[in-house]
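One-letter residues, chain by chain:
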Amino acid sequence: MSRVINFSAGPAVLPLEVLEQAKSELLDFRSSGMSVMEMSHRSALFLEVLKEAESNLRLLLGISDNYHVLFLQGGATAQFSALPMNLASAIPRAEYVDTGSWSSKAIKEASKFCDVNVVASGEEDGYKQIPDIADWHIREETAFLHICSNETIGGVQFKTFPSLGIPLVADMSSDILSRTIEVNEFGAIYAGAQKNIGPAGLAIVIVRKDLCGEARKETPSFLNYSVQAESDSMLNTPPTYTIYLAGLVFSWLLEKGGISVLEKENELKANTLYRAIDDGDFYSCPVDPEFRSNMNVPFRLNTEELEKLFLERAEENGMFNLKGHRSVGGMRASIYNAVPVSWVEELVSLMNDFENEYG
Ligand code: PMP
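Thresholds applied
Residues numbered from 1 in each chain as written. Predicted model: local features only at pLDDT ≥ 70, side-chain atom pairs only at ≥ 80, totals over all residues. Heavy atoms only, no water. Pairing = 2+ DSSP bridges. Helix = DSSP H or I, 4+ residues; strand = E, 2+ residues; numbered from the N terminus. Axes fitted to C-alpha atoms, helices over the stretch in contact; angles between N-to-C directions. Contact = heavy atoms within 4.5 Å. Domains from an automatic or database assignment. Buried area = accessible area lost by both parts, 1.4 Å probe. Salt bridge = Lys/Arg side-chain N within 4 Å of Asp/Glu carboxyl O. Expected span 1.5 Å × (residues − 1). Buried < 20%, exposed > 50% of the residue type's maximum accessible area, 1.4 Å probe, protein only. Parallel < 35°, antiparallel > 145°, perpendicular 65-115°, else oblique. Left-handed = near helix turned anticlockwise from the far one by under 90°. Nonpolar A, V, L, I, M, F, W, Y, C, P; charged D, E, K, R; others polar. Phe/Tyr/Trp six-rings, centres within 6.5 Å; stacked < 30°, edge-to-face > 60°. Near = heavy atom within 4 Å. Areas by Shrake-Rupley, 256 points an atom, 1.4 Å probe, with all protein chains shown as cover.

1. Some words on the sheet that holds strand β5 (residues 145–148)
What the seven strands build is an open sheet, ordered β2-β8-β7-β6-β5-β3-β4; its pairing is mixed. Every interior strand has two partners, whereas the edge strands, β2 (67–72) and β4 (115–121), have only one. When strand polarity is set aside, the average angle formed by the axes of neighbouring strands in this sheet is 20°. With six bridges connecting them, strand β3 (residues 93–98) and β4 associate as parallel partners. Within β4, the position partnered with Tyr96 by the bridge is Val118. On top of the sheet, helix α3 (residues 75–87) reaches β2, β3, β5, β6 (168–171), β7 (188–192) and β8 (203–208); it is set at about 160° to β7, its chief contact.

2. Re the domain arrangement of the protein chain
Looking at the protein chain, the domain boundaries give domain 1 (17–256) and domain 2 (258–358). Placing the centre of domain 1 and that of domain 2 at their C-alpha centroids yields a distance of 27 Å. If you look at the interface, domain 1 gives 26 residues, while domain 2 gives 26 residues. Considering only the surface of domain 1 that becomes buried against domain 2, Lys128, Ile153 and Lys256 emerge as the three largest contributors, covering 25% of it. Seen at the junction of domain 1 and domain 2, the total is one salt bridge.

3. Overview of helix α7 (residues 259–278)
An ideal rise of 1.5 Å per residue puts 28 Å on 20 residues; α7 measures up with 28 Å between its terminal C-alpha atoms. Buried residues of α7: Ile259, Leu262, Glu263, Glu265, Asn266, Lys269, Ala270, Thr272, Leu273, Tyr274, Ala276 and Ile277, and no others. Residues of α7 that are buried in the fold lie against α2 (44–61), α6 (240–255), β9 (296–299), β11 (331–334) and α9 (341–358). Two residues or fewer past α7, Gly280 is found with a positive phi of approximately 95°.

4. A closer look at the packing of helix α8 (residues 304–316) against α9
Two numbers describe a pair of packed helices, the interaxial angle and the distance between the axes. At a closest axis distance of 11 Å, the pairing of α8 and α9 adopts a crossing angle of 135°. Classified by the angle between their axes, α8 and α9 sit oblique to one another. In the packing of α8 onto α9, the handedness of the crossing is right-handed. On α9, the residues that touch Leu306, Leu309, Phe310, Arg313 and Ala314 of α8 are Leu347, Leu350, Met351, Phe354, Glu357 and Tyr358. Split into classes, the residues belonging to the contact of α8 with α9 amount to nine nonpolar, no polar and two charged.

5. Here we look at α6
Helix length check: α6 (16 residues) gives 23 Å between terminal C-alpha atoms against 22 Å at 1.5 Å per residue, within 8%. For α6, a buried count of 13 out of 16 residues is recorded, marking the element as mostly surrounded by other parts of the structure. One or two steps after α6, the chain reaches Gly257, where phi turns positive at roughly 115°.

6. Topic: the side chain of Asn56
The topology assignment puts Asn56 in helix α2. Accessibility expressed as a relative area gives 17% for Asn56, which makes it buried. In contact with Asn56, not counting residues within four places along its chain, are Phe250, Ser251 and Leu254.

7. What to know about the packing of aromatic side chains
All told, the structure shown has 13 aromatic pairs when counted by the stated rule. With a centroid separation of 5.9 Å and an interplanar angle of 85°, the aromatic rings of Phe299 and Phe310 are classed as edge-to-face. On the criterion of sequence distance, the pair formed by Phe299 in strand β9 and Phe310 in helix α8 is long-range, its members being eleven residues apart. Three or more aromatic residues link up through ring pairs in this structure, and these residues are Phe282, Tyr283, Phe299, Phe310, Phe354 and Tyr358.

8. Quick word on the site of the ligand
Close contacts around the ligand come from Gly75, Ala76, Thr77, Phe80, Trp102, Cys148, Asn150, Thr152, Asp171, Ser173, Gln194 and Lys195, and that covers them all. Against a free-state accessible area of 400 Å², the protein chains account for coverage of 85% of the ligand. Here the element with the most residues in the shell around the ligand is α3; it accounts for four residues. Per-class residue counts for the shell around the ligand are four nonpolar, six polar and two charged.

If you want it as structure tokens, here you go:
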């Protein structure tokens with residue numbers, strides 16, 4: 001078996017231990033004589049899997065009973081629509097902060113369902129930072145404030161969360177479970193699974209119970225939070241195998257000591273990489289240091305030729321998926337929970353060698 005060093009932004013590398021366990025249980029899960037993929041989602045055994053996944057996620061993030069935890073299909077993108085449909089009904093208005101590609105997409109979708117006010121945008125300065133909260137213009141009568149806690153493409157991350165007296169909703173697709181958070185500070189949190197949770201095909205929604213129940217009439221049932229909560233995320237067939245793998249990832253996180261342990265490791269990885277980028281003027285990172293993501297680290301070289309050469313050299317050394325998103329170019333190292341510190345050290349060593357040769 002040969003596995004590469006994988007810096008993919010998502011779908012991303014999964015912990016090896018999780019894949020090994022899935023492999024060992026692939027054909028015969030808990031002596032059932034079936035794969036999890038092959039059993040009814042209503043079977044006692046799968047219900048156990050779902051229950052374990054939910055309770056372990058509640059444990060990891062300290063989610064209280066005041067919140068529903070939903071396992072839904074359609075990725076984070078479906079939630080761009082589901083959120084305003086569910087939460088901006090009685091008050092059909094919502095506030096959004098624009099910090100890059102993903103918040104822009106959320107804004108575009110939400111505008112189809114409610115009156116969206118973009119309270120601040122980082123677009124003018126090239127999304128290098130989170131706009132200063134003192135300059136946000138929030139309306140009085142509004143349903144919620146939406147942020148993208150970590151912009152996967154641009155590499156901008158909220159380091160603290162605004163508390164402005166209206167429910168805060170966060171797209172945490174690319175940094176959920178990477179650091180400790182106070183769930184009680186949020187009205188809702190949602191995340192596509194394929195970075196820090198498991199394979200693609202699943203979105204997790206953590207939503208305050210009292211905010212649900214008044215969805216817009218036209219909300220499709222499978223996007224209706226109350227309906228999904230009442231049916232334990234099983235209004236229709238859920239992505240059973242993805243939920244099972246997410247559950248394995250949650251157990252893996254608990255075994256590692258929980259999120260605070262991962263948070264320290266993630267800080268170490270990010271600091272190591274940013275230090276290498278900032279050391280000299282051969283590499284550069286477009287994001288202001290104060291707002292740099294601990295999960296997605298974009299960096300550039302002075303010419304596109306050098307960048308192409310760097311990416312080739314990386315692959316020759318077993319390091320893959322370092323190409324920046326097609327909309328921005330350059331390089332991007334995604335260093336989610338399952339990326340070990342040693343991979344980042346290998347990347348830094350490659351960067352140093354490359355600089356010695358071409359700098
Ligand atoms: N939000 C963020 C921050 C993302 O990174 C992504 C996917 N890269 C999405 C939303 C969209 O997720 P999905 O593809 O699961 O719909």
